[in-house]
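Residues per chain, in single letters:
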Amino acid sequence: MIFAAFIVLHYKNYKDTEACVKSLERLHGIEKCAVILYDNGSNDGSADILKEHLKNRNNVRVVKSDIPDGFSTGNNKAYEIARKLSPKFIIALNNDIIIKQRNFLYILNQIGRRDQYYVIGPDIYAPMVREHQSPLYEKSPDMEMVDRLIEETKKHKEDIRFSAAWEQNRIKKNKIKRFIPAFVIEIIRLFTGNKKSELWKNEVENPVFSGACIIVSDLFIKENSKLFDPETKFYCEELILAKRCETNNYSTLYTPQIKVRHMHGKSTLNAYKDIKDYLDFRYTNMLESYEFYKSLIEGNESKNGK
């Protein structure tokens, strides 16, 4: 039995994946862990580069898939491999996650010994945009909120040119933001009324986590053959996982005691030359996933006789 298995979904951007692995290698206790890199159908030679660069790492395994499986299925295939190692924890990471907290595994173990949680989410900080990205919500969105998210996404998709211009402007602002002192950004937010959520500052039980880093304990691993079930191709995995935990009465915990850094979503964006194509892909899959999540809520309500 190993302490933890890290599963990292790789897609084309091998430099980000390699940086992620190097950050894991610096963690105290990493020798008691396994790292599984699942290449999600890159077909650009990047998986072979990773295999060559990491061939001397005894606890790192690169697994290739010829077909892009999507986020849920790719993670589930890596989870299936990790589950056979009988770890105490499985830690699913985006390939652009960096862990600088050297005692990350020690603190995770302390939390695991203290309480019986099925799923644990860390503080996810994105330095490029200076935002804490988890939890997404304090609790699972209800039908009213999902309908609102669907309508907003439809509007963005219908006016893709405006959405593309807005996205490009947002990217430019984020690049500039990196050079502005943090206290100045907070003053600007204060005066513009654009106050960010402070949900990340304290522990929250049973929230919706960001999918960039999700940790499941042996309690979850023993009962579930899949990490994400039912599967969507892209988006809303976090909402579905939260609803699944809620349905099964699984206790979950967001804690700022453990921290990771999110170097912010390059893999899917890098696959598209035109930002309009990327946004069309994003909004199409978001709408499909929101409708699927909505069907889960409707199913639960009918079971409860509502």
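For the structure itself, look to the data block above.
Definitions and limits used
- Residues numbered from 1 in each chain as written.
- Predicted model: local features only at pLDDT ≥ 70, side-chain atom pairs only at ≥ 80, totals over all residues.
- Heavy atoms only, no water.
- Axes fitted to C-alpha atoms, helices over the stretch in contact; angles between N-to-C directions.
- Helix = DSSP H or I, 4+ residues; strand = E, 2+ residues; numbered from the N terminus.
- Parallel < 35°, antiparallel > 145°, perpendicular 65-115°, else oblique.
- Left-handed = near helix turned anticlockwise from the far one by under 90°.
- Contact = heavy atoms within 4.5 Å.
- Nonpolar A, V, L, I, M, F, W, Y, C, P; charged D, E, K, R; others polar.
- Salt bridge = Lys/Arg side-chain N within 4 Å of Asp/Glu carboxyl O.
- Buried < 20%, exposed > 50% of the residue type's maximum accessible area, 1.4 Å probe, protein only.
- Polar contact = N/O pair within 3.5 Å; in protein donor to acceptor, adjacent residues only side chain to side chain.
- Core = buried A, V, L, I, M, F, W, Y, C linked by side-chain atoms within 4.5 Å.
- Phe/Tyr/Trp six-rings, centres within 6.5 Å; stacked < 30°, edge-to-face > 60°.

Draft legend 1. Region of the structure containing the packing of helix α1 (residues 14-25) against helix α2 (residues 46-53). Running from N to C, α1 and α2 cross one another at 30°; their axes reach a closest spacing of 10 Å. With respect to α2, the element α1 is oriented roughly parallel. Regarding α1 and α2, the two cross each other, and that crossing is right-handed. Facing Tyr14, Thr17 and Glu18 of α1, the residues of α2 in contact are Ser46, Ile49, Leu50 and His53. A per-class count over the contact of α1 with α2 returns three nonpolar, three polar and one charged.

Draft legend 2. A look at the pattern of salt bridges. Throughout the structure, instances matching the rule amount to twelve salt bridges. With a shortest N-O distance of 3.6 Å, Arg114 and Glu203 are connected by a salt bridge. Highlighted residues: Arg114 in helix α4 (residues 104-114) and Glu203 in the loop between α7 (182-192) and β8 (204-205), separated in sequence by 89 residues. On the accessibility criterion, Arg114 (41% relative accessible area) is partly exposed.

Draft legend 3. Focus on the side chain of Ser134. Tracing the chain through its elements places Ser134 in the loop between β7 (131-132) and α5 (143-158). Side-chain polar atoms of Ser134 contact the backbone nitrogen of Ser210, separated by 3.1 Å.

Draft legend 4. Summary view of the nonpolar core. One finds Phe6, Ile91, Leu93, Phe104, Leu105 and Ile215 to be the most contacted residues of the largest nonpolar core, which totals 35 residues. With five residues, α4 is the largest single contributor of residues to this core. Formed by 29 residues, the second largest nonpolar core is a distinct cluster that contains Ile7, Ile36, Ala92 and Leu241.

Draft legend 5. Fine view of the packing of aromatic side chains. By the definition in use, this model includes five aromatic pairs. Between Phe220 and Tyr250, the aromatic rings sit 6.1 Å apart at their centres with planes inclined by 70°, giving edge-to-face as the arrangement. Of this pair, Phe220 sits in helix α8 (residues 218-223) while Tyr250 sits in the loop between α9 (237-247) and β10 (252-262), placing them 30 residues apart in sequence. For the pair shown, Phe220 and Tyr250 are each scored as buried.

Draft legend 6. Summary view of unusual backbone geometry. Following Ser134, the chain continues into Pro135 via a peptide bond in cis, with omega recorded as 0°. In this structure, Pro135 sits in the loop between β7 and α5. A positive phi is found at Asn43, a non-glycine position, where the angle reads about 55°. Within the secondary structure, Asn43 sits in the loop between β2 (33-40) and α2. Its identity as a non-glycine residue notwithstanding, Asn206 has a phi of 60°, on the positive side. With respect to the helices and strands, the residue Asn206 is situated in the loop between β8 and β9 (213-217).

Geometric descriptors of this kind do not, in isolation, establish any biological role.
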